[in-house]
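Overview (structure and organization)
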Amino acid sequence: MNKKSPVSRSGRFQSGPAADVAQFTESISFDWRLWKHDIAGSIAHATMLKKIGVLKQNELSAIVKGLNQIHKEIATGKFQWKPELEDVHMNIEAELTKRVPAGAKLHTARSRNDQVALDMRLWLRDEITVLLGDIASLQRALVSLSEKNADVIIPGYTHLQRAQPVYLAHHLLAYVEMLERDCERLWDCHSRVNICPLGSGAIAGSTLPLDRALVAKLLGFVNASGQVQLTQNSMDAVSDRDFAVEFCAAGALLAVHLSRLAEDVILWAGAEFNFIKIADAYTTGSSLMPQKKNPDIAELARGKTGRVFGNLMSLLTLLKGLPMTYNRDLQEDKERLFDTADTVRATTRLMAAMLNNTKVNKSACAAAASDPALLATDLADYLVRKGMAFRPAHHVVGAVVALAEKTGKPLNQLTLAELQMVDKTFGRDALGVFNLKTAMAKRNLTGAPGTKEVAKQLARWREQLS
Ligand code: ARG
């Protein structure tokens, strides 16, 4: 394909790029996804060019009409993308100029360097907004599963060993908290994405009297108090990809949280735990073992963290040695950014759908939570209430546990005489410690899994997410 590109190469070059060069350098195969934002940016830029007298009203109208036509054709799959035109920016501009002569003025005081920075910021702004909605849906799924099983108690684990009893809701709400911090990070990232780079040109702005603020306003680059947000250094603006790194970092941490939740789901769905049952439609079978029902959504959620982490590392590596300002290396940013957004959005949505189709096996949870060893710490607290220092109390209860093991009895089946053999401080009321209901009612510190506190936290999240 030795054709001359109508947009950028005519003039300086005798020929177009060699076929293998074109193939190596093209980005249209992936950056076509920026088309909507590229068109929106061009319409804003053209509107501004009209205001400063570069375009006449009829030229602006023709350009806007042409761009809207192209918009429609792309949206309906009728637009012909041409790889020889390299990228989304040149494809759209070349097609416009073919239809509208004034299209040749559209690139006045604009470079693909500030254009691509603009398109990516616009694109990412939208992605973040949608992702925040997806995360809220997942939080709601966790809250409704909690509400439906508000009375369910399970063992809490450390080292994957039974530790202390918690409400299932408390366990699930831990993820709601993590996801909330993910939302905060994404919002914070959004505030730095939401800054308009257009007007930075290739590197050094323009000698023409552009109205940067107008473009920014038209494209919604304003902060919460309505102030227009403009990049303040043209060199930084065309080469900065911090905003993409930040998004990929926030996405990587979100992926960690999704993966941890997935791991709990996988464990709970297994016969050894048997705490939950995922609906058939949200599981898969085995090609060989007829009995299998596998939690593949959760496994893939766990597995996909690898690519999301990789995207972050790729972006960081891509940027680290770049001299100022724009270098073609930067074209490699898009697939990494797109992949993180696609992956975390899909994973978040599917995890929510799966949880909305999951039932809790209350009897299995009750059986696991009835293990009296979960309340060994409560027994030590009992001794503390009787005046014993915690360290010796811990030691005494350890000896009680050893005695229970030796006699082959559950902790709560030991007699008062046996307890007193270990330590005389134990009184008649000692065994009352093993009443699970009372034990849960006692855990009422802020953030603890007590009956009242969990109900309070559930109500807070229900309210906050509605
Ligand atoms: N396709 C390019 C990219 O994604 C657009 C900017 C090209 N600029 C340039 N000077 N070649 O980065």
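As shown above, the structure is provided for reference.
Let us look at the structure shown here.

About the cut-offs
Residues numbered from 1 in each chain as written. Predicted model: local features only at pLDDT ≥ 70, side-chain atom pairs only at ≥ 80, totals over all residues. Heavy atoms only, no water. Phe/Tyr/Trp six-rings, centres within 6.5 Å; stacked < 30°, edge-to-face > 60°. Lys NZ or Arg CZ within 6 Å of the ring centre and 35° of its normal. Axes fitted to C-alpha atoms, helices over the stretch in contact; angles between N-to-C directions. Helix = DSSP H or I, 4+ residues; strand = E, 2+ residues; numbered from the N terminus. Parallel < 35°, antiparallel > 145°, perpendicular 65-115°, else oblique. Left-handed = near helix turned anticlockwise from the far one by under 90°. Patch = residues over 30% accessible without salt bridge, like charges linked within 9 Å, V, L, I, M, F, W, Y side chains within 5 Å. Areas by Shrake-Rupley, 256 points an atom, 1.4 Å probe, with all protein chains shown as cover. Salt bridge = Lys/Arg side-chain N within 4 Å of Asp/Glu carboxyl O. Near = heavy atom within 4 Å. Polar contact = N/O pair within 3.5 Å; in protein donor to acceptor, adjacent residues only side chain to side chain. Nonpolar A, V, L, I, M, F, W, Y, C, P; charged D, E, K, R; others polar.

Going through the model one piece at a time under the given rule, you end up with 6 aromatic pairs. A connected cluster of aromatic rings, assembled from ring pairs, spans Y157, W268, F273 and F275. Here R12 stacks its cationic end above the ring of F13, 5.7 Å away from the centre of that ring. The side chain of R33 reaches across the aromatic face of F338, ending 4.8 Å from its centre.

Contact geometry of helix α6 (residues 112-148) with helix α7 (residues 168-193) gives a least axis separation of 9 Å together with a crossing angle of 165 degrees. Taken together, α6 and α7 sit at an angle that is classed as roughly antiparallel. Crossing of α6 against α7: the hand is left-handed.

As a further point, take a nonpolar patch on the surface. Taken together, I203, M235 and M324 make up a surface patch of nonpolar side chains, about 270 Å² in accessible area. Among the secondary structure elements, M324 is positioned in the loop between α12 (305-320) and α13 (333-356).

Glancing now at the site of the ligand. Inspection of the region around the ligand gives S27, D31, D87, H89, R112, N113, V116, Y326, R328, Q331 and K334 as its neighbouring residues. D87 places a side-chain nitrogen or oxygen 3.1 Å from a nitrogen atom of the ligand. One nitrogen or oxygen atom from the side chain of Y326 is found 2.5 Å from an oxygen atom belonging to the ligand. In isolation the ligand has 340 Å² of accessible area, and contact with the protein removes 87% of it. Residue contributions to the shell around the ligand peak at 3 residues, all from α6. A breakdown of the residues in the shell around the ligand according to their chemical character gives 2 nonpolar, 4 polar and 5 charged.

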